[in-house]
Amino acid sequence: MTALTSRFGAARRLAVARQPRPARETEERGIISAADRRNRRTRWTLGFFHAATLAFLLVAGLGPILWMLKAAVTPTQDTLRAPMALWPNGIDLGQLATAWSRTHIDRYLVNTVIIAAGSWAAQLTVATSAGYALSVLRPRFGGVITGLVIATLFVPPIVLLVPLYLTVVDVPLVHLRLIDNYWAIWLPAGASAVNVVLVKRFFDNLPREIFDAARVDGAGPFRLFTSIVLPMSRPILGVASVFAVIATWKDYLWPLLVIRNPNLQPLSVRLPTLQPTTDLGVFIAALTLSSVFPIALFLLFQRLFLRGGGLSGAIKG
Amino acid sequence: MDPEPILLQARGPLRSGVAADGDDGAARMSTIAEPVPVADQARARRRARVRVSRDGLGAFLFLLPLLAVFGLFAWFPIIRAVVMSVQETNLVSVPTFVGLANFGRVLADPQLGIAVRNTAWFAFLALVFGYPVPIVLAVLMSEVRKGRGLYSALAYLPVVVPPVVSVLLWRFFYDASPHGVFNSALGWVGLGPLPWLQSGDTAMPSIVIESTWANAGATVIIYLAALVAVPPELYDAADVDGASVWQKIRHVTLPQLRGVLLVTLILQLIATAQLFTEPLLFTSGGPNNATLTVLLLIYRYAFQNSLGGEYGMAAALSLMLAAFLAIFTAIYYRLTRGWSTSS
Amino acid sequence: MHKRTTGRWSAIGSIVGLVALIAACSPVASPSSPSAAAPSSATNPSAAAQAPVTISVGVLRPGATQEAVDALNLQISEFEAKYPWITVQPEEYNWTAPTFTAALAAGTLPDVFTIPFTDGKGLIAQHQIVNIDSRVKALGYADKFNKNVVVNGEDASGAIWAVPIAAYGMSLTYNRTLFTQAGLNADQPPTTWDEVRAAAKTIAQKTGVAGYAEMATENTGGWQLTTFTYALGGRMETAGADGKVTATLDNPATKAALEKLKAMRWDDKSMGSTFDYAWGTINQAFAAGQVGMFTGGSDLYTAMVQNNSLKPADYGVTTIPLVGSDAGVLGGGTLAAVNVITRDEQRDAAVKWIDFYYLQKLLTQEGAVADAKALKANNQPVGVPALPIFDKATYDASQQWIKDYINVPTAQMTGFTSKIFDQPLVTEPVAHTQELYAALDPVVQAVLTDKNADIDALLKKADQRVQAILDAG
């Protein structure tokens, strides 16, 4: 993360430190210069490459999803016999309805949303409160805590799997059993070092004189947090939120282990269980219905995803 | 007004990180318009320290959520993992201390060798196939002037599809009969049906292809952001030198991306070492353990035996994996420190 | 832009909040909780004195049809009518090796759950189920159990900890429709392995689907390979006089079995192109008409109707061809056990449930008819052949009682029912059974996916592996 930020920071500083560029070109240039683009042959070659890239993205990127949409409304026998054909015997919209009612997608969708909301709240609560304390309040033992938090980044999640499972089965000190309880997902989700580090770094960059001014005015740490710091944190909260939601959708193994009651399971856990006993066409329809929500979310909030999601891809791998 | 250039003056030499931890708060406080004289800075520092200790209680209260959550669900389990690795436990009887026996049993297990080999094989395939794809796409996309948003959205769409949905969908694509989806498509161009997930030779490559499809988009976006930040003067200079497109890519673009490329490389390697969901849902580690990864082996130790798992062995293998990754990352950073141009 | 994003965020936030609120407020119901009201025709005189107790029972698999759920609810209400102080909560349940152990560790198994014969003694040794010996004996028929069957749920002293509720023998399930399409006689299924191989080849050639399929994952590969081995006269484990168990995975019968599979797979190419079947997925493929024959339990009809929309006319079952004097049919079964985290009253109720739901239909005419009526009313299979848990006479009687309700095509099952009772039944390997099966899965997978698989080497490695497990105790 450090290397990444420093790369951008250095580049930006370098650019700023030089002479400001003439306002003639408002777009940055890449490998191909604006002058080159005026050349017809370059334009044609470039156009060809762009078309090829677009075609590739459509076929390889969009293709499987489009196929899934097609197969969701194709009867099973057609899908099995001629998977690449386009509705040889007509469309079966009823299959979507069957998937919805028979496999109770709505219930699992609601579960997934609830889990995502809770994880999001847990992560943001821990990250903002801890980030604030470590960055603004800066207690004496702050460095130790930060170190311990960063240390968890180096521990691969698998190490935690079994002991965390045992912890959730019987939480020490309070002797609670969190199995089949969404807190078993929400609380460990809150222990996200990445979010804490991100938020703390963001707070570190906030101008300090605003805090000084507030304190001179007599604001205690709580007022400072709620009235000053939080409102200024919108950008980082947006990024952290995208992390949180994406992580929940991707989560499979942990909910599989801790949520045994099928009524409480999220989609990711439920779908593989249903496969052996569900008709193929209905199953693909169920897969489609499960993808509608995240895809719709993505299309709505594209910019946020592409900005924050890119970083999350780097962190989560 | 951009405060950054002023920051340069007030702070002195550039630091490589953004905010180093445990720093003296006062040095960062000076973002005011004029450089602060030394005496004032010292006074500010003393005031800051006094303020800090009075905020001690508030800080503790604010840290309570983190301490509780990390304490119970991160730090305690890590310690517990270490303890479990030297115990034999099946959750019913009292755990017995067995020293390093678990580690010994894991190392003696032939499945471990298979798992390590498979994981390395996957890492290699992912490197050769999955690593260049986003770079190529990003470079091609960075030259698009109109509608780059469409390209980005298309590239990122597979990342948005829930992983379980992707795997289940692709498992159907990989049906090995001649009427399977991919085999039908291959049939159009006259290529024979492939066994895909049904053969030890093709199972892992099949997983790599799906994994690339599902994850490349995120990396493309990162690279795009980095490509956009390449200083245009460098390209101008290259043009003046009469460089061709390919030469520009080789000598300007890629070197400028070096830092990002190295980071994504290590992140990809760490992620591939923890491959689990795909082999589990695609093949359960088969056929004949051809897709058994280290993580899947840990899962098998812990959860596969219907009469109670070998939790000690699972913990032992987890720790060994963690140690390996830590050492690997350290070596990696050591080696590549000289390669990426540091600020 | 900033304002628009905020607006969208608040919109999505309020929608999420609303959805969460609605979901939190609406009761999370189990898939099929029957209504509480029970008619007051309780015959039990002490009913009034009993404190109410609730037990959870694991019965139906995920994805069961609504009719199967309705049939279960009907039977639950009959039970609750008989024992008004007991409330039964049905839960989805499916035993597979990986999920069972996680549920066991987490303590989330239902109060009454089922396990295969192979795990009975292991769970008893670990005290993870309840000793219900006295309660079972109080039912009055504990000594009528078939000795070979009940031993799987007994501890060393002969006390019953888990009750056998079903016994099955391995069989050869075949698709009658595919037989007919391939020009074979569906009423004359193969009786030798050569005939099996020929039929598989014909089906593959004439219809294009797999003529013969074999399970290979989730321990079922080892399970079916052991079945095949028994049919050819071999054994996977031998127990010495001193109690020490030796692994004999590389016996000639197993080798011969793998050679036969190899020939069908690579020479005849009659096994299709999918080789990672488990219990659930092979049923699914069979019901979808993609598999001609496979070895499996003799009681699959029920599961395939409830979960895979099987067309009854497709189903045919016959015995597995036995070769040689040592050959036998692998017998397995299911035990019902009571979770160790239950209270005393729950354990009493649990045993009553086991008695009512699983055993009454085998012992009393009243119970058999009630069970058959409930099932038939919801189009569930009645009369699927099984192996006796008690003795053959009791089994025959129970089939007689439900004669008028049988709705399964028993004529299509005569290949099995006419011969099975004359064939020797062999119990599954006793020690570390599931781990033995798990060690054989990769062997079966290798033979089916690698043309050059070295059968001897694979068996030797598996043998060493299992021997190490046996030696470790």
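Residues numbered from 1 in each chain as written. Chains lettered and ligands numbered in written order. Predicted model: local features only at pLDDT ≥ 70, side-chain atom pairs only at ≥ 80, totals over all residues. Heavy atoms only, no water.

1. Observations regarding the overall build of chain C
Logical step 1: Helix and strand counts for chain C stand at 18 helices and 11 strands.
Logical step 2: The buried share among the 473 residues of chain C stands at 56%.
Logical step 3: A separation threshold of at least 6 residues defines the contact pool for chain C, and within that pool the share at least 24 residues apart is 79%.
Logical step 4: Total accessible area on chain C stands at roughly 19100 Å², and carbon and sulfur atoms take up 54% of it. (Helix = DSSP H or I, 4+ residues; strand = E, 2+ residues; numbered from the N terminus. Buried < 20%, exposed > 50% of the residue type's maximum accessible area, 1.4 Å probe, protein only. Contact = heavy atoms within 4.5 Å. Areas by Shrake-Rupley, 256 points an atom, 1.4 Å probe, with all protein chains shown as cover.)

2. Let's talk about the overall build of chain A
Logical step 1: From N to C terminus, chain A includes 17 helices and zero strands.
Logical step 2: Looking at chain A residue by residue over its 317 residues, the buried ones come to 54%.
Logical step 3: Long-range pairs, those at least 24 residues apart, make up 71% of the contacts in chain A with a sequence separation of at least 6.
Logical step 4: Here chain A displays about 13800 Å² of accessible surface, and carbon together with sulfur accounts for 66% of that area.

3. Observations concerning a nonpolar patch on the surface
Logical step 1: A cluster of nonpolar side chains, contributed by F141(A), V144(A), L148(A), F222(A), L57(B), F60(B), L61(B) and L64(B), occupies part of the molecular surface with about 740 Å² of accessible area.
Logical step 2: The dominant element in the nonpolar patch, judged by the number of residues it contributes, is helix α4 (residues 56-85) of chain B, at four residues.
Logical step 3: As for its position among the elements, L57(B) is in helix α4. (Patch = residues over 30% accessible without salt bridge, like charges linked within 9 Å, V, L, I, M, F, W, Y side chains within 5 Å. Salt bridge = Lys/Arg side-chain N within 4 Å of Asp/Glu carboxyl O.)

4. Side note on the interface of chain B and chain A
Logical step 1: Opposite the 120 residues of chain B that make contact, chain A presents 127 residues.
Logical step 2: Roughly 10900 Å² of surface becomes buried between chain B and chain A when both sides are summed, with 75% attributable to carbon and sulfur atoms.
Logical step 3: Considering only the surface of chain B that becomes buried against chain A, F62(B), F73(B) and E143(B) emerge as the three largest contributors, covering 8% of it.
Logical step 4: Where chain B meets chain A, there are zero salt bridges.
Logical step 5: Inspection of the region where chain B meets chain A yields six residue pairs in polar contact (both at pLDDT 80 or more).
Logical step 6: The leading source of residues in the side of chain B that touches chain A is α4(B), at 21 residues.
Logical step 7: A per-class count over the side of chain B that touches chain A returns 84 nonpolar, 20 polar and 16 charged. (Buried area = accessible area lost by both parts, 1.4 Å probe. Polar contact = N/O pair within 3.5 Å; in protein donor to acceptor, adjacent residues only side chain to side chain. Nonpolar A, V, L, I, M, F, W, Y, C, P; charged D, E, K, R; others polar.)

5. Some points on the confidence of the model for chain A
Residue and element names in this part refer to chain A.
Logical step 1: For chain A, the average pLDDT comes to 81, and 88% of its residues sit at 70 or higher.
Logical step 2: When the elements of chain A are averaged for pLDDT, helix α1 (residues 2-17) gives the smallest value, 45, and helix α9 (residues 183-190) the largest, 92.
Logical step 3: Overall, residues 15-19 carries pLDDT values under 50, and its contacts beyond four positions in sequence, including any with other chains, amount to three contacts.
Logical step 4: Segment residues 21-27: pLDDT under 50, and four contacts once partners within four positions in sequence are set aside and those in other chains are kept. (pLDDT = per-residue confidence, 0-100.)

6. Looking at helix α18 (residues 455-472) of chain C
Residue and element names in this part refer to chain C.
Logical step 1: Given a rise of 1.5 Å per residue, 18 residues ought to cover 26 Å, and the 26 Å separating the end C-alpha atoms of α18 matches this to within 8%.
Logical step 2: Along its buried surface, α18 packs onto β6 (237-239), β7 (245-247), α10 (252-267) and α17 (433-449).
Logical step 3: N-capping of α18 is provided by D454, with a side-chain oxygen placed 3.2 Å from the backbone N of D456. (Expected span 1.5 Å × (residues − 1).)

7. Thoughts on the packing of aromatic side chains
Logical step 1: Per the stated rule, a full pass over the model turns up 46 aromatic pairs over all chains.
Logical step 2: With centroids separated by 6.0 Å and ring planes inclined at 55 degrees, the aromatic side chains of Y174(B) and F282(B) adopt a geometry described as tilted. Separated by 108 residues along the polypeptide, Y174(B) in the loop between α9 (163-173) and α10 (181-188) and F282(B) in helix α14 (residues 277-283) bring together distant segments of the chain.
Logical step 3: Between the aromatic rings of W193(C) and F228(C), the centroid separation amounts to 4.1 Å while the plane-to-plane angle is 20 degrees, which identifies the pairing as stacked. (Phe/Tyr/Trp six-rings, centres within 6.5 Å; stacked < 30°, edge-to-face > 60°.)

8. Some points on the pairing of strand β9 (residues 315-318) of chain C
All names here are of chain C.
Logical step 1: Going residue by residue along β9, you find Y315 and V317 tucked away on one face and G316 and T318 tucked away on the opposite face as well.
Logical step 2: Of the pairings in the sheet, the one linking strand β4 (residues 163-175) to β9 comprises four bridges and is antiparallel in character. Across the sheet, residue T173 finds its bridge partner in β9, namely V317. (Pairing = 2+ DSSP bridges.)

9. Some words on the pattern of salt bridges
Oppositely charged side chains may form a pair once their charged atoms are brought near each other.
Residues and elements named next belong to chain C.
Logical step 1: Throughout the structure, instances matching the rule amount to 14 salt bridges over all chains.
Logical step 2: Among the salt bridges present, the one from D396 reaches K392, with a minimum N-O distance of 3.3 Å. One end of the pair is D396 and the other is K392, both in helix α15 (residues 392-401) and four residues apart, which spans about a single turn.
Logical step 3: Salt bridges sharing partners connect three or more residues here, namely R135, D344 and D348.

10. Things to note about the nonpolar core
Logical step 1: Judged by nonpolar contacts, the single largest core of 156 residues is most densely connected at Y165(A), V258(A) and Y156(B).
Logical step 2: If one sorts the elements of this core by residue count, helix α11 (residues 200-228) of chain B sits on top with 13 residues.
Logical step 3: Counting only domains with at least three residues in this core, you end up with domain 1 (4-84) and domain 2 (96-341) of chain B. (Core = buried A, V, L, I, M, F, W, Y, C linked by side-chain atoms within 4.5 Å. Domains from an automatic or database assignment.)

11. Observations concerning the pairing of strand β8 (residues 291-297) of chain C
Regular strands show a simple pattern: their side chains alternate between the two faces of the sheet.
Residues and elements named next belong to chain C.
Logical step 1: Among the seven residues in β8, seven count as buried, and that is most of the element.
Logical step 2: Bridge analysis of β4 against β8 gives five bridges, and the strand direction is antiparallel. Looking across to β8, one finds that M170 is bridged to G297.
Logical step 3: The pairing of strand β5 (residues 210-212) with β8 spans two bridges and is parallel. Residue pairing for β8: A210 is matched across the bridge by V291.

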